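Below are the chains, spelled out letter by letter.
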Amino acid sequence: MAESVRLVGFTRLDRLGLAVLGLFSAASVAGFASFGLNPQLLARFPSSAWFYAPAFQIFARGHVAIAFLVLAYSLTARVGARWLPALLVAGGVSLGAELLGTATGFPFGGYRYTPLLGYRVAGLVPFLIPFSWFMMAFPSYVLARHAARGRLARWMLGAILLTTWDLTLDPAMSSLTSYWVWESAGPWYGMPLVNLVGWLATSLVIMAGFDAVRAGSLADRIPTRLMAAYYATVLALSVAMTLAAGYWWAVLATLAILLVVWKGGRT
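Just so it is clear, the structure is predicted and the values come from calculations on it, not from any experiment. (Residues numbered from 1 in each chain as written. Predicted model: local features only at pLDDT ≥ 70, side-chain atom pairs only at ≥ 80, totals over all residues. Heavy atoms only, no water.)

Engineer: How would you summarise empty space enclosed by the protein if you had to cite specific residues and measurements?
Structural biologist: Empty space among the atoms can be located by rolling a probe the size of a water molecule over them. Applying the stated criterion across every chain, the model contains one cavity of 30 Å³ or more. Of the pockets and cavities examined, the largest cavity occupies roughly 380 Å³. Together, 26 residues line the largest cavity, and I129, S132, L169, M173 and W180 are the ones closest to its centre. When residues of the lining of the largest cavity are traced back to their parent elements, those giving at least two are helix 4 (49–79), strand 1 (111–113), helix 6 (129–147), helix 7 (151–175), strand 4 (180–182), helix 8 (194–212) and helix 10 (224–244). Top element by residues in the lining of the largest cavity is helix 7. It accounts for five residues. (1 Å grid on protein atoms, 1.4 Å probe; cavity = no way out; pocket = protein on both sides within 12 Å on 5 of 7 lines; lining within 4 Å. Points joined across faces, edges and corners; volume = space filled by probe spheres on them. Helix = DSSP H or I, 4+ residues; strand = E, 2+ residues; numbered from the N terminus.)

Engineer: So, the pattern of salt bridges: which residues are in play, and what are the values?
Structural biologist: Applying the stated criterion to the full structure yields four salt bridges. One salt bridge connects R78 with D14, and the closest N-O pair in it is separated by 2.6 Å. Taken as a pair, R78 in helix 4 and D14 in helix 2 (residues 12–36) lie far apart in primary sequence, 64 residues in all. For the pair shown, R78 and D14 are each scored as buried. Between R151 and D211 there is a salt bridge whose closest N-O contact spans 3.7 Å. Linking R151 in helix 7 with D211 in helix 8, this pair joins segments that are 60 residues apart in sequence. (Salt bridge = Lys/Arg side-chain N within 4 Å of Asp/Glu carboxyl O. Buried < 20%, exposed > 50% of the residue type's maximum accessible area, 1.4 Å probe, protein only.)

Functional significance is not addressed by these values, which are geometric in nature.
Next up, the structure:
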C-alpha cells in the first residue's frame, strides 16, 4: 500500500493539505500586510480591533500545527509510523539546542521567547518549536538526499536548506513581529549573525541524527516533488511577510541560495 502511494506522487489529501496550508498562510500575510504594517487602519475599522491581538497567536500557532499535520499525513501514508524516530531526533536535538540557547546564549546568541507561541518548556522554549524544526528539517533531508552524493555532502546540503529558512523566518518573527526578542541587536534585521552559525550546527546534528536512525530508507520513499512543494509552501509565509515589509535582502538571499541549490541538483 505504501509503495503504491509513493508511485502516484501527490495524493488528493496531499494536495488538499498543501492548499489549506497555503490559504492559511495567505490569510496570515494579508492580515499582517494590512493591519500589522498599518496599525492606523485599526482606528478606521474598529470592528477588526477585537481580533487583531489574538490573531498573532492564532496564526503563528495555527501555521505550525497545520504544517506539521500536513507533513505527518504525507509521511504516514507512505511509511506508516516509521518516521517517528526522525521526529524524536529533530525534536530532541532542537529542543536541547533551544533550551541551551535561551538559558545561556549559546549557540544562537542571547534571546528569549515571548508568550505569543504558547506554553514554554521549562518556561523558556515554546512546545511548538521542536515540531517547527522537524517540519522543515525532514523535507530538507529528503531534498538533500536527492540532490547530493555522499553522506557529508547530504548533511551539509540539508543543513543549508534548513538554515536558509531562517534568513526570512527570523526577520519575520522577531523584527516584524515579536515572537522572540534578541538581547543584542544584530546586522541581519536585528538578528546577530552568530544565530546562523548556531542554526547550521544544529541542522548538521539533526541531519546526522536522521542517518543514525536510518531515516534515509524512509526519505527515499517520499516523492521529492512533494517535499519541494511542501518546503516552498512553508517558506512562503516568511518570504511573503518580509517581501511585504520591504526586507529585500532577506528575500533575495533566500532565493539566491535556493537557486544555487536547484542548479547544483540538476548537474
